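Letter by letter, the chains look like this.
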Amino acid sequence: MRILVIEDEERIADFIQRGLEGAGYLVDTAGDGQTGLLKMHNLDYDLLILDLMLPDMDGLTVLEKTRNRKVSPPVLILSARSEVEDRVRGLELGADDYLVKPFAFEELLARVKALLRRGQPVPDRLVAGDLVVDCLRRKVTRAGKPIDLAPKEFSILEYLARHKGKPLTRTMIVEHVWDMEYDGLTNIVDVYIRHLRAKIDDPFPVKIIRTVRGTGYMLEAGETAGQQAGGSE
Ligand code: CA
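Keep in mind that this is a model prediction, so the values were computed, not measured. (Residues numbered from 1 in each chain as written. Predicted model: local features only at pLDDT ≥ 70, side-chain atom pairs only at ≥ 80, totals over all residues. Heavy atoms only, no water.)

Turning to the nonpolar core, a few remarks are in order. V133, V140, L157, I173, I200 and L219 are the most contacted members of the largest nonpolar core, which has 28 residues in total. For this core, the secondary structure elements donating two or more residues are β6 (125-128), β7 (131-134), α6 (151-162), α7 (170-177), α8 (186-200) and β12 (216-219). Among the elements that take part in this core, α6 stands out by supplying six residues, more than any other. The contacts of I200, once residues within four sequence positions are left out, are L131, V140, R142, I147, L157, I208 and I209. (Core = buried A, V, L, I, M, F, W, Y, C linked by side-chain atoms within 4.5 Å. Buried < 20%, exposed > 50% of the residue type's maximum accessible area, 1.4 Å probe, protein only. Helix = DSSP H or I, 4+ residues; strand = E, 2+ residues; numbered from the N terminus. Contact = heavy atoms within 4.5 Å.)

Here it is as structure tokens:
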């Protein structure tokens, strides 16, 4: 998940960047509207955090310009201005949420998570090797055999499959699946991974859930078999 923060006050931009990076997001910053628009032109962001008072242009102008683009990420407006008109205009222009400075980081994080959840396109199904995760029906098959998973097991597997080939930390898994702050809950993840392995890996010769030492877990990408399975719609 990549987030762009357009904010000219360095102190606030740093505060947001450090906090969100700590929460596992990739964060870029821009100190003015023009730079921000340029970055959005070059990269696809999953979320835009936009300050209203920028040195070169009004944040609402930035918002208007992003809305002309084919694909535009959800926008969280950030501003010291708490006037009702700004809020209303921002929302009219298509902002998704509004946060008035000063704010607690926890509040920002909660809104960021909510917006990312909402904005995330959900693929119908994810494929890794001979494993198929049907995201709509919440069903899983491996080598064509249906596998029964508990809801949390499914959520973990879906999360791993969405990021197949990339190691995910226990913290990321906890925060994604249980939607709460990491609080020494790594055991939960290990327990669920054990359950998942019993169903997904143990009955099959090729193991796809990998333990990444010192980090967490990763689903093998299984490129060759994956292409095969992916083409059979
Ligand atoms: Ca500002």
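Moving on: the packing of aromatic side chains. The geometry of an aromatic ring pair is captured by the separation of the ring centres together with the interplanar angle, meaning the angle of the planes. In the structure shown here, the tally under the stated rule is two aromatic pairs. The interplanar angle of 45 degrees and the centroid separation of 6.3 Å between the aromatic rings of F15 and F103 together place this pair among those described as tilted. Of this pair, F15 sits in helix α1 (residues 10-22) while F103 sits in the loop between β5 (97-100) and α5 (105-119), and the two are 88 residues apart along the sequence. We classify F15 as partly exposed; its relative accessible area is 34%. Note on F103: relative accessible area 13%, which makes it buried. Ring centres of F15 and F105 lie 6.0 Å apart, and the angle between their planes is 80 degrees; this geometry places the pair in the edge-to-face category. (Phe/Tyr/Trp six-rings, centres within 6.5 Å; stacked < 30°, edge-to-face > 60°.)

Glancing now at the coordination of the calcium ion. The calcium ion binds to the protein through D8 (OD), D51 (OD) and M53 (O), with metal-donor distances spanning 2.1 to 2.3 Å. The class of D51 is buried, set by a relative accessible area of 2%. We classify M53 as partly exposed; its relative accessible area is 48%. (Donors = N, O, S within 2.8 Å, 3.2 Å for Na, K, Ca; no water.)

Moving on, we come to the pattern of salt bridges. Across all of its chains, the model carries 13 salt bridges by this definition. The partner of K101 in a salt bridge is E7, and the shortest N-O contact between them spans 2.9 Å. Taken together, the residues span a long stretch of sequence, with K101 in the loop between β5 and α5 and E7 in the loop between β1 (2-6) and α1 at a distance of 94 residues. Notably, a salt bridge pairs R111 with D97, separated by 3.1 Å at the nearest N-O pair. Highlighted residues: R111 in helix α5 and D97 in strand β5, separated in sequence by 14 residues. (Salt bridge = Lys/Arg side-chain N within 4 Å of Asp/Glu carboxyl O.)

Interhelical geometry of α6 versus α7 gives an angle of 125 degrees and a closest axis separation of 10 Å. With respect to α7, the element α6 is oriented oblique. Considering how the two elements wind past one another, α6 and α7 form a crossing that is right-handed. Residues K152, S155, I156, Y159 and L160 of α6 lie in contact with α7, whose contacting residues are M172, I173, H176 and V177. Looking at side-chain class alone, the contact of α6 with α7 contains six nonpolar, two polar and one charged residues. (Axes fitted to C-alpha atoms, helices over the stretch in contact; angles between N-to-C directions. Parallel < 35°, antiparallel > 145°, perpendicular 65-115°, else oblique. Left-handed = near helix turned anticlockwise from the far one by under 90°. Nonpolar A, V, L, I, M, F, W, Y, C, P; charged D, E, K, R; others polar.)

Across a sheet, strands are paired by hydrogen bonds formed along the backbone, either parallel or antiparallel in direction. Spatially, the three strands line up as an open sheet ordered β10-β12-β11, and their pairing is antiparallel. With one partner strand each, in any of the chains shown, β10 (168-169) and β11 (209-212) form the two edges of the open sheet. Of the strand pairs in this sheet, β10 and β12 are connected by two bridges, and their pairing is antiparallel. Its bridge partner being in β12, L168 is matched across the sheet by Y217. Along the sheet, α6 contacts β10 and β12; its crossing angle with β12, the most-contacted strand, is approximately 70 degrees. (Pairing = 2+ DSSP bridges.)

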